[in-house]
Amino acid sequence: QVQLVESGGGLVQAGGSLRLSCAGSGRTFRNYAMGWFRQAPGKEREFVAAITWSGGNTYYADSVKGRFTISRDNAKNTVYLQMNSLKPEDTAVYCCAASTSMGLVLISDGYDYWGQGTQVTVSS
């Protein structure tokens, strides 16, 4: 079992940057594919980015491609989401998730463990 804790959210102006972190517990963290999702008020949960267990492959939603970068450091049991050129429409609660599938997982049903989330607010 994996427990996930996100950090790094906050309030930023449009055009600014934030880096989210997701710290995982357990020695088997490296065996999980990881993803980031977000949910804005009144909207459904939305896929943001995914990374394989090794970090060798990544995938992004079209809405964040070229602006966000997902990465992982298995030695630190941590996954990151670097967010640049932030827009007001990026405002949401961002959650990380872990999947026992080691490949890229693009849908929320494919994930087994979830963090509580961290709020990101982008002002115009």
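Everything in this summary refers to the structure shown in the same document. In this text, all values refer to a predicted model and were calculated from it rather than measured experimentally.

1. Notes on the state of the cysteines
Disulfides are covalent bonds that connect the sulfur atoms of two cysteines.
Working step 1: Using the criterion set out here, one finds 1 disulfide in the structure.
Working step 2: Cysteine C95 shares no disulfide, and the gap to the nearest cysteine sulfur, in C96, comes to 7.4 Å.
Working step 3: Under the relative-accessibility criterion, C95 is labelled buried at 14%.

2. Focus on the nonpolar core
Working step 1: Ranked by internal contacts, the top residues of the largest apolar core, which has 36 residues, are M34, W36, L81, M83 and Y94.
Working step 2: Only β3 (18–24), β4 (33–39), β5 (46–51), β7 (68–73), β8 (78–83), β9 (92–99) and β11 (118–123) provide two or more residues apiece to this core.

3. A word on a nonpolar patch on the surface
Working step 1: On the surface, Y59, L104, L106 and I107 cluster together into a nonpolar patch covering about 350 Å² of accessible area.
Working step 2: Locating L104 in the fold gives a position in the loop between β9 and β10 (113–114).

The rules behind each value
Starting afresh in each chain, residues are numbered from 1 along the sequence in its written order. The predicted origin of the model limits local features to residues at a pLDDT of at least 70 and limits the giving and counting of side-chain atom pairs to 80 or more, whereas totals for whole chains, interfaces and linings rest on all residues. Calculated side-chain values reflect all of the structure's heavy atoms, with hydrogen atoms and water omitted. Disulfides are defined as cysteine sulfur pairs within 2.5 Å. Only protein chains enter the accessibility calculation, which uses a 1.4 Å probe; a residue whose area is less than 20% of its type maximum is buried, one above 50% is exposed, and one in between is partly exposed. Nonpolar core, defined: a set of buried Ala, Val, Leu, Ile, Met, Phe, Trp, Tyr and Cys residues in which side-chain atoms within 4.5 Å join the residues together. What counts as a helix is a DSSP run of H or I of at least four residues, what counts as a strand is a run of E of at least two, and both are numbered from the N terminus. Residues with no salt bridge and a relative accessible area higher than 30% make up the patches, which join like charges within 9 Å and nonpolar side chains (Val, Leu, Ile, Met, Phe, Trp, Tyr) within 5 Å. In short, Shrake-Rupley with a 1.4 Å probe defines the accessible areas, and a residue's cover is counted only from the protein chains shown. Salt bridge criterion: a side-chain nitrogen from Lys or Arg within 4 Å of a carboxyl oxygen from Asp or Glu.

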